[in-house]
Amino acid sequence: MRRFRSLLAALLLLVVLPGQTRAQTMVTPFVGAAFDKDTHDGARSVYGIAGGYWPAGPIGLEVEYAYHPDFFPPHHPDGDHHVVGHLETLSVNLAVGAPFGGREGPGVRPYLTGGLVLFQIRADEPSSLFDVRGTDVGFNVGGGAIVFLGDHVGIRGDVRYLKNERGRVFATTRDPVHGTTVASAGFGFTRATAGIVWRF
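Residues numbered from 1 in each chain as written. Predicted model: local features only at pLDDT ≥ 70, side-chain atom pairs only at ≥ 80, totals over all residues. Heavy atoms only, no water.

A. Looking closely at the overall build of the protein. Secondary structure summary: the protein contains two helices and twelve strands in total. Counting from the amino terminus, the protein carries its helices and strands in the arrangement α-α-β-β-β-β-β-β-β-β-β-β-β-β. Considering the protein as a whole, with its 200 residues, one finds that 44% of them fall into the buried category. Long-range pairs, those at least 24 residues apart, make up 64% of the contacts in the protein with a sequence separation of at least 6. (Helix = DSSP H or I, 4+ residues; strand = E, 2+ residues; numbered from the N terminus. Buried < 20%, exposed > 50% of the residue type's maximum accessible area, 1.4 Å probe, protein only. Contact = heavy atoms within 4.5 Å.)

B. A look at a nonpolar patch on the surface. A cluster of nonpolar side chains, contributed by Phe-100, Val-108, Val-147, Leu-149, Val-153, Ile-155, Ile-196, Trp-198 and Phe-200, occupies part of the molecular surface with about 780 Å² of accessible area. Mapped onto the nonpolar patch, the elements with two or more residues apiece are strand S9 (153-164) and strand S12 (187-199). For Val-153, the position within the fold is in strand S9. A relative accessible area of 34% places Val-153 in the partly exposed class. (Patch = residues over 30% accessible without salt bridge, like charges linked within 9 Å, V, L, I, M, F, W, Y side chains within 5 Å. Areas by Shrake-Rupley, 256 points an atom, 1.4 Å probe, with all protein chains shown as cover. Salt bridge = Lys/Arg side-chain N within 4 Å of Asp/Glu carboxyl O.)

C. A look at the pairing of strand S2 (residues 44-53). The pairing of strand S1 (residues 25-35) with S2 spans ten bridges and is antiparallel. In the strand pairing of S2, Ala-33 is matched with Ser-45. As judged from the seven bridges shared by S2 and strand S3 (residues 59-72), these two strands associate in the antiparallel manner. In the sheet register, Gly-52 faces S3, and the bridge partner there is Glu-62. Turn length for the S2-S3 hairpin, with the two strands adjacent in sequence and antiparallel, is five residues. (Pairing = 2+ DSSP bridges.)

Next up, the structure:
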């Protein structure tokens, strides 16, 4: 959890950079849904915030935190058991895009994005047999578009695929009869979000 807090601090730094750097800083709170075969019983909600910096060229940098409550549904079998819990992700991405309509005022900026993701998994077995706690790394790729309504405010739509590559998530067993087990394989899902963009 300390690593998550430290990396989240990097996101907050994007909004306190000095004068000239802040001219192309964007902050985007967003909501959306995760869906795919690994979300099992339907779409799962997601909430988050992204902070990015776009210099004069087409390449930008973005840091994003997202929270997926109830990502592991209560009726999903994990081996002989069920787990229920939430997922947090923290990603650092490069984005490639170009503004149409100028760098100030109204306009559209389509983009492609990709980078590394840190997954924080916290889940419980409803019968209290074990806890699932783990941090893993993976990647995400996707794209979207920002529609600026003026100098400082816009809306963003984004779709991306996230993959937990290694699946190193450990289960701590409460019942000694069952022993200690490794609880998760890798998983992936598609995520669609929409948010409000503030440009500084």
